[in-house]
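# Coordinate analysis (summary)
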Amino acid sequence: MYVAVKGGEAAIANAHRLLADRRRGDRSVPALRLDQIVEQLALGVDRVMSEGSLYDRELAALAIVQARGDMIEAIFLVRAYRTTLPRFGYTRAVETGAMLVERRVSATYKDLPGGQLLGPTFDYTHRLLDPELAAGGDVEEPLRRENEAEAMPRVSAILAREGLIEPDGDMPRDHIPGDITREPLEFPMARDIRLQALSRGDEGFLLALGYSTQRGYARNHPFVGEVRIGEVELELDVPELPFAVPLGSIRVTECQMVNQFKGSAKAPPQFTRGYGLVFGQSERKAMAMALCDRALRATEFGEDVVAAAQDEEFVISHSDNVQATGFVEHLKLPHYVDFQAELDLVRRMRAEHDARENAGKAEEKREAAE
Amino acid sequence: MEIATQSIEGGFADPVFNAQTVFRAVMDAMAQPGSVQPLPAFAHPPAPLSAMAGAVALALCDNDTPLWLDPALQISAAVKSWLGFHAGAPLANTPADAHFALIAAPAEMMALDGFSQGTQDYPDRSTTLILQVSDLTSGTPLLLQGPGIEKTATIAPARMPRHFVEQWKQNSQRFPRGVDIILAAADSIACLPRTTRIKTMEA
Amino acid sequence: MRGQEAREQAERKAVMATLAQSSGDDIVRLWNEAGLPSEAELLRGPETGLVTVRGRIGGGGAPFNVGEATVTRATVRVPAGQVGHCYALGRDREKARLSAIADALWQDPARRGEIEARLVAPLRAAQHEAREKRRAETAATKVDFFTMVRGED
C-alpha cells in the first residue's frame, strides 16, 4: 500500500545543496572538465555509454561528474536523459568486418589474415601501480609502423570455410528486430531481443554469469575466436534522401566466442558461437556477453537447462542495473505505513502465541495438581 | 527521387510549443469527451490532408508509431513524404498494425473493427483514429455520456462513418479493447475515447 | 545519364560523410576562412534526437538493436533555392546547420567547386591523416611470431 506523506521539503533542498558541495569537494582543487574525463577516463565513459545505452561521450562524462563517479547512478542519469529525445530511426546494421581496427586478437588462430594487433591493452602489463603517473610526467608518443592496410575478415569466416562452425545467427525472413525500449519483455524471447538486453546489461552481473559457466555451471568450452575493437561507420535511411545518410563513426567492441557442440540427431558435430557487441572499448563486457549469449542458447541445442546462466528469464530480468538499483534502493524510502501494519500483525501474533503458551502452562499445572 | 519542396515546408514553425499546444488540446478533449477545443492551424500539409489533422499527426506521431492512411491520403505522394519528413512516422502495412490512422474521408472509411483493438493485456496498443471532419455542428447530433462528462454532451460532426452509432456501440462492448477517435475539424478538435457511450436520440 | 546521377549521389554522400566525421570547430574555422555564405532558411531543426544502432548476430547474421546514439539534424534552403540536409552524430547544432548549408551549396553547380576545395578537401585530408596515423600506431602493436627451433634437424 502507498500512502502519501508530506514534509521534508527543506531537508531535501538542503541535502541537495550539500550534495552539490560535496561533489565539488575542496575548492582549492581545480574542478574537473568534461574533456578531461572523456580523454583520461575513457573506459569509464564507455561503460556509461554501453549500459546507459546512449552513445554520447560528453553526456556520459557529465553523468559521471554529476554522479560523483558512481557508475550506476551515472548510467541512470543517461537512461533518464535518453527518454527525452525523439527517435529519428534505426541505422543500417554496422559492418564490423570493415571496422577501422584498433585492437584485434584471436585465441584460436595464430596466423590469421590481418594478424594479431594488441592495441592499447592492459594485457601483459604487470599490474604494478605507477608512481610516475601520480607525478604527472610526460608520456611518449606511440610508435608507428607504416604498412599497407590489410583486410581483416572475421575469424568466424575462416572456420566457416571448412563448414565446422554454425553460420551467423539468422532470423526468419520477415522478422523485424525486436526492441526492448518499445515493448515489454516477454519470455521466451528471440535471440535478437536477448542480445539487445545483454548489450546494455550490467558488466559485473554478466561477468559473474560468464565466469559461472567456466566453473562448470553450464560449461560450454569457450575459446575467444576473436575480439576486435575499433570504429564503424553508421548510416541511416531517411525519407528525404535517396541514399542512406552517413552519420559518422562510433567505437564498438565485438567478441566472437567459439564453443564446442557434440552434435545432435539433426546437426553434425560443429562449433557453435556466442556473440558480443557493445559500445566503446570494453572487451570484458563483450566477452561476458558472448558467454551468456551462448549459455542462453541451451534450449536451441537441446542442452539441459541446469544453471543460472542458461535461464533466460533469470538472466535477462536481472541484467539491467538501472532496474535492479531502482528496486533494491527503493527499500530505503519511507515504508512507515507498511511497517506499522507489519508491526501490528507481529504484536497480535505474539499476543496470541503468549496466550496459547500461558493456557498450556495453566493446563499442565492443573493436571499436575490433580 | 528527392522529395518535392512542398513536402519539406509547412511543418510546425515552433516545433516544441506548437506540439505542446496541440497535445494539450488533445489531452483536454480526451479528458472531456465531446468538448470542443479550439486550435489555430499550426501546420500546412499538402492536400488532401487537412491543416488540423496534419498538426495532430505532427504532435502525436513519430518514428515509433506506424501510421495508416486511408485511400484518399494514400494516393498522395506529397502527403506521405510530408508526414515522413516532419513526423518521421513509418507507414503501417495494414490498419491492424497502425498506432495511428489518418482518415480524410470518414464517410467512406472501413469498419472500426478493422483497426488494431489492442489486447486484453495491452489495451493501449489499439489504433487511435484521426478523422478529418469539416465541422462539429452540421452532422447528426450525437448525445454522449460516460467518464469525463458530467451529465451529457452533444456534438454533431459532419459526414461520419456509415452506421457509426452501431459501430461505436460494438466498440464499447470490446472494452477494455477498442479504438479511440480524434475528430479534427477546421479550427477545433473533439474526442471520442472508447469509454464514451453514444446515447441513441429519440426521434 | 543514370550513371552520372548515381555518381553525383555518391559524391554528395561522400561530402556528407566527411562533414559528419568532422568536428564542429573545424567546420566553423574553415567556413570563416573561406568566407562561405551562411544565410539560409531553416526548414527543420537543428534538432537533436536518437538513432538506434543496429548490429548483426554473429557479425553477419540477422540485425539486432544495440543501443541508441545522439544525432543532430538540420534541413535548410539557401537563397539560390537548393534544399540541404545534415544528420550527424552528437549534439552540435551549429555543425548540423552549417553542414546542411554546405549540402545545399554543393548542389549549386556555381558553388560546388568552392565547397569541395575550401571546405571538404581540407577536412578530408585531415581525416585521412588521422586515420593513417591510427592505423600505423595499431600496426606497431602487431605480433610478429617467430618459432624457436630446438635441437638440430
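These figures come from a predicted structure and were not determined experimentally.

Moving on, we come to the domain arrangement of chain A. All names here are of chain A. With domains assigned, chain A is organised as domain 1 (10-82) and domain 2 (96-120 + 150-169 + 177-321). Taking only C-alpha atoms into account, the centre of domain 1 sits 29 Å from that of domain 2. Counting residues at the interface gives 10 residues for domain 1 and 11 residues for domain 2. Contributing elements (two or more residues each) for the side of domain 1 that touches domain 2: helix H3 (42-52) and helix H5 (71-82). Here the side of domain 1 that touches domain 2 takes 6 residues from H3, the largest share from any one element. For the side of domain 1 that touches domain 2, the class distribution of residues is 5 nonpolar, 2 polar and 3 charged.

Taken together, the contact between chain B and chain C spans 4 residues of the former and 4 residues of the latter. A breakdown of the residues in the side of chain B that touches chain C according to their chemical character gives 1 nonpolar, 2 polar and 1 charged.

Okay, the sheet that holds strand S9 (residues 197-199) of chain B next. Residues and elements named next belong to chain B. If you walk across this open sheet you meet the 3 strands as S6-S5-S9, and the pairing is antiparallel. Edge positions in the sheet fall to strand S6 (153-155) and S9, since each of these pairs with one other strand and no more. Between one strand and the next, the sheet's axes are offset by a mean angle of 40°, whatever the strand orientation. Two strands pair when backbone bridges link them, and strand S5 (residues 142-145) and S6 are joined in this way by 3 bridges, in the antiparallel orientation. Its bridge partner being in S6, Leu-143 is matched across the sheet by Thr-154.

Here we come to the interface of chain A and chain C. Of the residues lining the interface, 67 residues belong to chain A; the matching set on chain C comes to 49 residues. At the level of elements, strand S1 (54-55), strand S2 (87-93), strand S3 (100-105), helix H8 (191-199), strand S4 (222-236), strand S5 (245-259) and strand S6 (272-279) of chain A are the ones that each hand at least two residues to the side of chain A that touches chain C. For the side of chain A that touches chain C, the element with the most residues is S5(A), which contributes 8 residues. Note: S2(A) against strand S1 (residues 41-56) of chain C, 4 bridges, orientation parallel. Counted as the bridge partner of A:Arg87 is C:Leu50 from S1(C).

This part covers the nonpolar core. Residues and elements named next belong to chain B. The biggest cluster of nonpolar side chains holds 165 residues, and the ones touching the most others in it are Val-56, Leu-102, Ile-130 and Ile-189. At 9 residues, the largest contribution of residues to this core is made by helix H2 (residues 51-60). Sequence-distant contacts of Val-56, that is, excluding residues within four places in its chain, are made with Val-22, Val-26, Ile-130, Ile-182, Ala-184 and Ile-189.

Another aspect to go through is the environment of C:Arg93. Residues and elements named next belong to chain C. Among the structural elements, Arg-93 can be located in helix H3 (residues 93-106). Taking the number of C-beta atoms within 10 Å as the measure of exposure, Arg-93 has 16 and is therefore partly exposed. Spatially, the C-alpha atom of Arg-93 lies 5.5 Å from that of Pro-46, the residues being 47 residues apart in sequence. Excluding residues within four positions of it along the chain, Arg-93 makes contact with Pro-46 and Thr-72.

Reading guide: rules and limits
- Residues numbered from 1 in each chain as written.
- Chains lettered and ligands numbered in written order.
- Predicted model: local features only at pLDDT ≥ 70, side-chain atom pairs only at ≥ 80, totals over all residues.
- Domains from an automatic or database assignment.
- Contact = placed C-beta atoms within 7 Å.
- Helix = DSSP H or I, 4+ residues; strand = E, 2+ residues; numbered from the N terminus.
- Nonpolar A, V, L, I, M, F, W, Y, C, P; charged D, E, K, R; others polar.
- Pairing = 2+ DSSP bridges.
- Axes fitted to C-alpha atoms, helices over the stretch in contact; angles between N-to-C directions.
- Core = buried A, V, L, I, M, F, W, Y, C linked by C-beta atoms within 7 Å.
- Buried ≥ 20, exposed ≤ 12 C-beta atoms within 10 Å, placed from the backbone.

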